[in-house]
Amino acid sequence: MAGDQIPIGRFSLITRLSQKALRFYDERGLLVPQVKDICTGYRYYTGAQIARGVSIKTLCTLGFSPAEIGDLLSAKEGRDTDTIRTLFARRRQEIRSEVSRLQQIEAILADEDASLELIYMSLNEPLVKEIPPQRIIAKKGTGPYGETISRLMPALCGQIFSEENQRTGLKVTGPFMTLYLDNEYREKDATMECAAPITGRVVLTDAEMDVRTLPGGKCLSLIHKGSYSGLQAAWSRIEAYAEERGFVGNGACREIYLTDPNVVAESELLTELQIPIDMDALRQQH
């Protein structure tokens, strides 16, 4: 059977991989058909590829990502048992975390006195997300946190919404934010920037402002709901979470103000805390 051409439909039945999944794995280079008909676009596999297809289906069922599946198959071919053990251990840890999360949800739902507010606060856990690069305008300052932000934000808004910049088409494209540039908590002389994502031409009249691209990448994210006075506790929470799980910081921490305090009640304010992280350093630790 190894020399036979197996149409994609039959190969799908044998491996229990949908045709859509087979096309996806073809694009990723994980399971490339032996033959592709140039005229019809039909894909044909061989019997020798069945085992690889079944392995991919099994690893997918176990919850491995396409990138991890590729790494596991390469490790298997190269008899790299260390990589296989590492990826299996990481997946076990992810499963334990998910089981713990589901048990937490079950316990909350079993509580007859649970409120929507309690559920929100209980389930709001830090998560890893991808953030895109952003072009920003920023103003830097040094001093106590709250006092410095209160000084920088009005100056930033004054520059953005100046008559000249409005005439040139400068637009704010997302929430305002604060970038914390120190690697530690500082009581009185913290260095930070208040910033906003923008598009359009900028005319700067303040020497302490600049326009640049803020890098994207992976970050650890936590949504805080409530007064800004609770942000210190929220930062402690996300920092402890990062420390416990071995996340390595990779840039300035960010505080994203998702709601306008002039419009939304203090108890309903939403602020996103972001810690850029180095995923390669995390993998090396595990």
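In the block above lies the structure referred to throughout.
Notes on the structure in this doc start here. (Residues numbered from 1 in each chain as written. Predicted model: local features only at pLDDT ≥ 70, side-chain atom pairs only at ≥ 80, totals over all residues. Heavy atoms only, no water.)

Along the chain, the position of L220 falls in strand β10 (residues 217–225). Given the relative accessible area of 0%, L220 is considered buried. Note: C-alpha distance between L220 and F247 (27 residues apart in sequence) is 8.5 Å. When neighbours within four sequence positions are excluded, L220 is seen to be in contact with P126, L127, V128, I238, Y241, A242, F247, L273, Q274, I275 and I277. (Helix = DSSP H or I, 4+ residues; strand = E, 2+ residues; numbered from the N terminus. Buried < 20%, exposed > 50% of the residue type's maximum accessible area, 1.4 Å probe, protein only. Contact = heavy atoms within 4.5 Å.)

Now for the nonpolar core. If you look at the biggest cluster of nonpolar residues, it comprises 31 residues, and the most contacted ones within it are L156 and L220. Contributions of two or more residues to this core are made by α7 (145–160), β8 (190–199), β10, α9 (231–245), β11 (253–257) and β12 (270–276). The next biggest cluster of nonpolar side chains, apart from the first, holds 18 residues, and it includes I6, L17, I50 and I69. (Core = buried A, V, L, I, M, F, W, Y, C linked by side-chain atoms within 4.5 Å.)

Time to look at the pattern of salt bridges. Scanning the entire structure with this criterion turns up 17 salt bridges. Taking the shortest distance from any N to any O, the salt bridge between K218 and E130 comes out at 3.5 Å. Pair noted here: K218 is in strand β10 and E130 is in strand β4 (residues 127–131), with a separation of 88 residues, a long-range link. Judged by its relative accessible area of 37%, K218 is partly exposed. One connected set of salt bridges, linked through shared partners, spans D26, K36 and R43. (Salt bridge = Lys/Arg side-chain N within 4 Å of Asp/Glu carboxyl O.)

Let's shift gears to helix α3 (residues 50–61). Helix length check: α3, at twelve residues, gives a terminal C-alpha distance of 17 Å against a target of 16 Å (1.5 Å per residue), a fit within 8%. For α3, the full list of buried residues reads I50, G53, S55, I56 and L59. Tucked inside the fold, the buried residues of α3 contact β1 (6–7), α1 (8–15), α2 (19–28) and α4 (66–77). G63 sits one or two residues past α3 and shows a positive phi near 95 degrees. (Expected span 1.5 Å × (residues − 1).)

So, about the side chain of Q159. Inspection of the secondary structure assignment puts Q159 in helix α7. Discounting chain neighbours no more than four positions away, the residues touching Q159 are I137, N165, V203, L204, T205, D206 and M209.

Our next topic: the packing of aromatic side chains. Tallied over the entire structure, the rule returns seven aromatic pairs. Ring geometry for F11 versus Y45: centroids 4.1 Å apart, planes at 5 degrees, classification stacked. On the criterion of sequence distance, the pair formed by F11 in helix α1 and Y45 in strand β3 (residues 43–45) is long-range, its members being 34 residues apart. Of the residues examined, F11 reaches a relative accessible area of 0% and is grouped as buried. Overall, Y45 belongs to the buried group, its relative accessible area being 0%. Geometrically, the ring pair formed by Y180 and W235 is edge-to-face, given 6.1 Å between the ring centres and 90 degrees between the ring planes. Taken together, the positions of Y180 in strand β7 (residues 177–180) and W235 in helix α9 put the pair 55 residues apart, joining distant regions of the chain. (Phe/Tyr/Trp six-rings, centres within 6.5 Å; stacked < 30°, edge-to-face > 60°.)

It is worth spelling out the packing of α1 against α3 at this point. At a closest axis distance of 9 Å, the pairing of α1 and α3 adopts a crossing angle of 55 degrees. The angle between α1 and α3 places the two elements in the oblique class. In terms of crossing hand, the pair formed by α1 and α3 is right-handed. In this structure, α1 contributes F11, I14 and T15 to the contact, and α3 contributes I50, G53, V54 and K57. In the contact of α1 with α3, the residues fall into four nonpolar, two polar and one charged. (Axes fitted to C-alpha atoms, helices over the stretch in contact; angles between N-to-C directions. Parallel < 35°, antiparallel > 145°, perpendicular 65-115°, else oblique. Left-handed = near helix turned anticlockwise from the far one by under 90°. Nonpolar A, V, L, I, M, F, W, Y, C, P; charged D, E, K, R; others polar.)

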